[in-house]
Amino acid sequence: MTSLFLIFLFVSLVVLAVIITGYLLARRTARRLMQRAATPAAVARSLNEARYYARQIIRTVEQQPPGPLKDRLSLTLQPVRQWSAQLDKLEEGLSQLYSQRNLRREIRQTMAELEQLRRRLLDATGTEAEYLRQLKQSKKQHLSVLYELQEFQTRAELKIRTIASDLGATHAEVLLVISRGDFNERRLNRLDESLQEHLHSMRDILSAMDEVRYRKAAG
């Protein structure tokens with residue numbers, strides 16, 4: 001009897017664990033779908049384009065026969081893979097911003113509230129005036145943070161478009177090198193330098209995103 005009870009208890013715990021795991025996965029998937037649905041169409045197209053070219057570059061190089069050409073081109077794959085990983089982080093940060101904030105509407109609303117406070121302060125006196133001045137200062141700080149978020153969003157969107165374009169150009173360069181059958185070391189060095197430069201720029205934007213998240217959490 002005790003053995004049957006223990007078996008029943010074990011099976012019940014396993015089933016419960018499966019149900020909880022399935023619920024958490026479904027919830028995470030639903031959240032990701034909602035975030036992606038909030039992403040503007042132009043940004044989503046650039047993200048898809050960037051990932052497409054990254055896959056094409058990797059596939060093209062990996063399909064080459066072993067030899068010096070493949071070895072040299074494989075060096076180019078390192079920043080491309082790093083771009084892909086950091087692009088995921090940038091998309092996640094933007095998706096959260098899109099799903100949680102409507103910056104244009106918030107900025108208009110906050111500016112309108114500041115204008116109302118300015119007009120009320122013209123006739124206010126004493127305690128009321130002090131309260132309105134404090135509220136106005138708080139609204140100004142709020143507006144400053146909203147502008148900072150908007151600047152980050154614009155920079156991130158432009159960087160995604162730039163990445164898509166650069167990866168397309170990189171793919172074309174790789175195809176050109178392979179079609180000629182030999183590689184121009186100077187051309188490839190310029191390509192590597194360009195990729196590293198843009199990768200550094202991407203890291204700057206991700207650092208800015210982390211700073212914005214920190215300020216939001218601290219505020």
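Since the structure is predicted, the reported quantities are computational estimates derived from the model, not experimental observations.

S.K.: Where do I start with the side chain of His-171 in this structure?
M.R.: Looking at the element boundaries, His-171 is found in helix α5 (residues 126–180). On the basis of relative accessible area, His-171 is assigned to the buried category, the value being 11%.

S.K.: How do you make sense of the nonpolar core when you look at a structure like this?
M.R.: One recurring pattern in soluble globular proteins is that nonpolar side chains are buried together. Counting residues in each nonpolar core, the largest one holds 39 residues, and the members touching the most others are Leu-90 and Leu-167. Contributing elements (two or more residues each) for this core: α2 (41–62), α3 (68–100), α4 (103–123), α5 and α6 (185–218). Take this core: its biggest share by element is eleven residues, from α5. Excluding residues within four positions of it along the chain, Leu-90 makes contact with Phe-152, Ala-156, Lys-159, Ile-160, Met-202, Ile-205 and Leu-206. If you look at the next biggest cluster of nonpolar residues, it comprises five residues, including Leu-117, Leu-121, Ala-124 and Ala-129.

S.K.: Explain α2 here, please?
M.R.: Side chains three or four residues apart in an α-helix point the same way, a direct result of the helix having 3.6 residues per turn. Here α2 contains 22 residues, and its C-alpha end-to-end distance of 32 Å stays within 8% of the 32 Å for a straight helix at 1.5 Å per residue. Those residues of α2 lying buried are Val-43, Ser-46, Leu-47, Ala-50, Ala-54, Gln-56, Ile-57, Ile-58, Thr-60 and Val-61. Of the surrounding secondary structure, the elements contacted by the buried residues of α2 are α3 and α5.

Definitions and limits used
- Residues numbered from 1 in each chain as written.
- Predicted model: local features only at pLDDT ≥ 70, side-chain atom pairs only at ≥ 80, totals over all residues.
- Heavy atoms only, no water.
- Helix = DSSP H or I, 4+ residues; strand = E, 2+ residues; numbered from the N terminus.
- Buried < 20%, exposed > 50% of the residue type's maximum accessible area, 1.4 Å probe, protein only.
- Core = buried A, V, L, I, M, F, W, Y, C linked by side-chain atoms within 4.5 Å.
- Contact = heavy atoms within 4.5 Å.
- Expected span 1.5 Å × (residues − 1).

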